[in-house]
Amino acid sequence: MDYSKIQNLNQIQAEKAKLESKLKKQEKRIDTSFIIAKKHTKDIFSIPIILKNIACRIISIDTLLAHPATLFKVGGLIGRRLFAKKKI
């Protein structure tokens, strides 16, 4: 609204109400964004997620392919476990 064209108190009050409602909507959006960000941060920095991310980085396909000896060791461990279960 062009404030230079305001002629009476009713127009001022209407503009004030409109601005207050816009402000409340923005506050609600910011509060919602903060809650989402807080939950996301809490999830990212939880101990199980940190351990999972570390394990995924250590035991990734690229890492195993870069170190074939590790790939054979992992395969041997899996093979031994499978054959040990079949004997029982």
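Rules of the game
Residues numbered from 1 in each chain as written. Predicted model: local features only at pLDDT ≥ 70, side-chain atom pairs only at ≥ 80, totals over all residues. Heavy atoms only, no water. Helix = DSSP H or I, 4+ residues; strand = E, 2+ residues; numbered from the N terminus. Rg over C-alpha atoms; globule rule 2.2 N^0.38 Å. Buried < 20%, exposed > 50% of the residue type's maximum accessible area, 1.4 Å probe, protein only. Areas by Shrake-Rupley, 256 points an atom, 1.4 Å probe, with all protein chains shown as cover. Lys, Arg positive; Asp, Glu negative; His and termini not counted. Charge placed at Lys NZ, Arg CZ, Asp CG, Glu CD. Salt bridge = Lys/Arg side-chain N within 4 Å of Asp/Glu carboxyl O. Expected span 1.5 Å × (residues − 1). Polar contact = N/O pair within 3.5 Å; in protein donor to acceptor, adjacent residues only side chain to side chain. Patch = residues over 30% accessible without salt bridge, like charges linked within 9 Å, V, L, I, M, F, W, Y side chains within 5 Å. Contact = heavy atoms within 4.5 Å.

Caption draft 1: Inspection of the overall build of the chain at higher detail. Looking only at helices and strands, the chain features 4 helices and 0 strands. Along the chain, helices and strands appear, N-terminal first, in the series α-α-α-α. Scaling as 2.2 N^0.38, a compact globule of 88 residues should have a C-alpha radius of gyration of about 12 Å, whereas the chain reaches 31 Å, well beyond that. Taking the principal axes of the C-alpha coordinates as reference, the chain spans close to 95 × 30 × 20 Å. By the burial criterion, 3% of the 88 residues in the chain qualify as buried. Just so you have it, the chain exposes about 8,600 Å², and 66% of that area is on carbon and sulfur atoms. Here the chain contributes 19 positively and 7 negatively charged side chains, and the mean placements of these two sets differ by 19 Å.

Caption draft 2: Looking closely at the pattern of salt bridges. The tally for this structure, following the rule as stated, stands at 2 salt bridges. In this structure, the salt-bridge partner of glutamate 15 is lysine 18, at a minimum N-O distance of 3.8 Å. Linking glutamate 15 with lysine 18, this pair stays in helix H1 (residues 9-44), spanning 3 residues, or about one helical turn. A residue is classified by how much of its surface remains accessible, and glutamate 15, at 7% relative accessible area, is buried.

Caption draft 3: Representation of H1. Its 36 residues place the ends of H1 52 Å apart at the C-alpha level, agreeing with the 52 Å of an ideal helix rising 1.5 Å per residue. For H1, the side-chain oxygen to backbone nitrogen distance between the N-cap and asparagine 10 is 3.3 Å, and the N-cap itself is asparagine 8.

Caption draft 4: Structural context of a nonpolar patch on the surface. Taken together, Ile44, Phe45, Ile47, Ile50, Leu51, Ile54, Ile58 and Ile59 make up a surface patch of nonpolar side chains, about 800 Å² in accessible area. Among the elements that take part in the nonpolar patch, helix H2 (residues 47-58) stands out by supplying 5 residues, more than any other. By the secondary structure assignment, isoleucine 54 is in helix H2. For isoleucine 54, a relative accessible area of 41% gives the class partly exposed.

Caption draft 5: Representation of the environment of threonine 63 within the structure. Looking at where threonine 63 falls in the secondary structure, it is placed in helix H3 (residues 61-66). Ignoring sequence-local partners within four residues, the contact set of threonine 63 consists of Arg57 and Ile58.

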